[in-house]
Amino acid sequence: MYKIVADSSSNIKNSAVVSVPLTVGTDEREFVDNDSFNVHEMVEYLSNYKGRSGSACPASEDWLSAFGDAQYVFCIAITSNLSGSYNSARIAKDEYEETYPDRKVCVIDSLSTAGEMELIAKKIQELIDEGKDFDTICAEIAEYQKKTHLLFCLKSLTNLANNGRVSAAAAKISSILNLRIVGKASDVGTLEMLSKPRGDKNAHIEILSRMKEFGYNGGKVIIGHCLALDAAKSLSELIKSEFANAKIKINECGALCTFYAENGGLLIGYEG
Ligand code: X90
């Protein structure tokens with residue numbers, strides 16, 4: 001009766017959530033962000049490719065086919081300020097509800113991506129398990145979103161800048177040796193830069209301190225990493241050194257997040 005769908009920027013690998021792929025590609029090759037995606041192959045290919053590379057969001061048909069024949073659909077999209085995914089999902093919703101007047105779709109603009117989307121998906125599942133009805137869940141999710149956040153820690157902003165998602169000036173800073181760009185998903189779902197710590201250790205200290213500043217107090221954390229499992233693990237240890245009972249999950253990023261967060265990138269979704 002209920003179905004949860006999310007676009008692949010969520011990095012969710014859980015059979016209870018249907019993932020709708022974005023794609024990453026060049027003029028010559030396309031990587032679909034699905035189960036058969038191989039991160040090493042894409043990173044290797046892109047590092048040797050000299051031309052332009054970019055991404056594309058799901059079409060409304062892709063969302064529609066993910067809805068299947070569910071009566072109630074919860075649909076989670078990457079921030080509408082950086083991608084057309086949310087807009088495609090809205091079109092799919094209108095078509096679905098028009099074709100099947102007894103069915104309903106709740107489209108959620110995550111104003112974020114990665115782990116923050118997964119937190120939303122987990123919350124929806126909890127509310128479904130508690131037996132809440134569709135409209136109540138939609139309303140409670142809107143409330144829940146007020147207390148979920150996303151921090152990012154990136155070594156390079158090149159692909160973001162080349163695709164118009166951050167300024168060239170911001171990207172330039174990231175080319176300075178060993179600097180990390182720590183920032184957050186802003187209230188309107190854009191990248192907001194916070195600071196430029198040097199090296200992983202300082203970056204992790206900065207991340208934990210920002211998490212606390214934005215209300216973190218031992219709740220759920222989902223760390224997405226782009227070929228940076230060790231960094232994700234040290235950050236997780238640091239968080240646990242202050243919040244022993246923190247519920248921390250580490251995820252490998254899929255194609256979309258790996259393309260934009262790039263090698264060494266961390267995306268930290270957490271509850272405030
Ligand atoms: O529609 C498309 O082609 C997708 C475009 C997505 C562009 C941005 C993806 C960002 C991925 C980078 C750092 C965290 C961003 C914070 C979000 C507000 C991850």
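No experiment lies behind these values; they were computed from the predicted model shown.

This part covers the overall build of the protein. In terms of regular secondary structure, the protein is built from 10 helices and 13 strands. Relative to the compact-globule value of 19 Å for 272 residues, the protein shows a C-alpha radius of gyration of 18 Å, a close match. Across its three principal axes, the protein shows a C-alpha extent of roughly 55 × 50 × 30 Å. Looking at the protein residue by residue over its 272 residues, the buried ones come to 54%. Long-range pairs, those at least 24 residues apart, make up 72% of the contacts in the protein with a sequence separation of at least 6. Of the roughly 12,300 Å² that the protein leaves accessible, carbon and sulfur atoms contribute 47%. With 29 positive and 37 negative side-chain charges, the protein shows a separation of 7 Å between the mean positions of the two kinds.

As a further point, take the packing of helix H4 (residues 114–129) against helix H5 (residues 134–145). A pair of packed helices is captured by two measures, namely the crossing angle of their axes and the spacing between those axes. Close contact between H4 and H5 brings their axes to 10 Å; oriented N to C, the two are set at 145°. Pair H4 / H5 crosses with right-handed handedness. Residues Glu116, Leu119, Ile120, Lys123, Ile124, Leu127 and Ile128 of H4 form the contact with H5, whose participating residues are Ile137, Glu140, Ile141, Tyr144 and Gln145. When its residues are assigned to classes, the contact of H4 with H5 shows eight nonpolar, one polar and three charged.

One pass over the structure, following the stated rule, counts 14 salt bridges. A salt bridge links aspartate 135 to lysine 104; the nearest nitrogen and oxygen atoms lie 3.3 Å apart. On the criterion of sequence distance, the pair formed by aspartate 135 in helix H5 and lysine 104 in strand S7 (residues 104–109) is long-range, its members being 31 residues apart. When the shortest N-O distance is used, the salt bridge between lysine 220 and glutamate 126 registers 2.8 Å. In this pair, lysine 220 is assigned in strand S11 (residues 220–225) and glutamate 126 in helix H4, connecting sequence segments 94 residues apart. Assessed through its relative accessible area of 17%, lysine 220 is described here as buried. Put simply, Glu118, Lys122 and Lys249 are held in one network by salt bridges that share partners.

Turning our attention to the nonpolar core. Counting residues in each nonpolar core, the largest one holds 50 residues, and the members touching the most others are Met42, Phe74, Ile76, Ile124, Leu157 and Leu267. Per element, the largest residue contribution to this core is seven residues, and it comes from H4. Two domains share this core, each providing at least three of its residues, namely domain 1 (2–146) and domain 2 (147–271). Contact partners of methionine 42, with chain neighbours within four places excluded, come to Val24, Phe31, Phe37, Ala255, Thr258 and Phe259. If you look at the next biggest cluster of nonpolar residues, it comprises 22 residues, including Ile207, Phe214, Ala232 and Leu235.

Right, let's talk about the environment of glycine 265 for a bit. Among the secondary structure elements, glycine 265 is positioned in the loop between helix H10 (255–261) and strand S13 (266–271). Here glycine 265 falls in the buried class, since its relative accessible area comes to 0%. Sequence separation of glycine 265 and glutamate 30 is 235 residues, and the distance between their C-alpha atoms is 22 Å.

The next thing to look at is the sheet that holds strand S12 (residues 247–252). Pairing between the strands of a sheet is mediated by backbone hydrogen bonds and can be parallel or antiparallel. Pairing is mixed across the open sheet formed by six strands, whose spatial order is S10-S9-S8-S13-S11-S12. One side of each edge strand has no neighbouring strand; the edge strands of this open sheet are strand S10 (191–195) and S12. Strand-to-strand twist of the sheet, defined as the mean angle between neighbouring strand axes without regard to direction, takes the value 25°.

Let us now look at unusual backbone geometry. For leucine 227, which is not glycine, the phi torsion reads 50° and is therefore positive. Summarising the element assignment, leucine 227 is placed in the loop between S11 and helix H9 (229–242).

Okay, a negative patch on the surface next. On the surface, Glu61, Asp62, Asp94, Glu95 and Glu98 cluster together to form a negatively charged patch. Listed by contribution, the elements that provide at least two residues to the negative patch are helix H2 (60–67) and helix H3 (85–99). Note on placement: glutamate 95 falls in helix H3. Owing to a relative accessible area of 40%, glutamate 95 belongs among the partly exposed residues under this scheme.

Before going further, it helps to spend a moment on the state of the cysteines. Scanning the model with the defined rule gives zero disulfides in all. Left without a disulfide partner, cysteine 75 is nearest to the cysteine sulfur of cysteine 106, which lies 8.5 Å away. The class for cysteine 75 is buried, based on a relative accessible area of 0%.

What counts and what doesn't
- Residues numbered from 1 in each chain as written.
- Predicted model: local features only at pLDDT ≥ 70, side-chain atom pairs only at ≥ 80, totals over all residues.
- Heavy atoms only, no water.
- Helix = DSSP H or I, 4+ residues; strand = E, 2+ residues; numbered from the N terminus.
- Rg over C-alpha atoms; globule rule 2.2 N^0.38 Å.
- Buried < 20%, exposed > 50% of the residue type's maximum accessible area, 1.4 Å probe, protein only.
- Contact = heavy atoms within 4.5 Å.
- Areas by Shrake-Rupley, 256 points an atom, 1.4 Å probe, with all protein chains shown as cover.
- Lys, Arg positive; Asp, Glu negative; His and termini not counted.
- Charge placed at Lys NZ, Arg CZ, Asp CG, Glu CD.
- Axes fitted to C-alpha atoms, helices over the stretch in contact; angles between N-to-C directions.
- Left-handed = near helix turned anticlockwise from the far one by under 90°.
- Nonpolar A, V, L, I, M, F, W, Y, C, P; charged D, E, K, R; others polar.
- Salt bridge = Lys/Arg side-chain N within 4 Å of Asp/Glu carboxyl O.
- Core = buried A, V, L, I, M, F, W, Y, C linked by side-chain atoms within 4.5 Å.
- Domains from an automatic or database assignment.
- Pairing = 2+ DSSP bridges.
- Patch = residues over 30% accessible without salt bridge, like charges linked within 9 Å, V, L, I, M, F, W, Y side chains within 5 Å.
- Disulfide = S-S within 2.5 Å.

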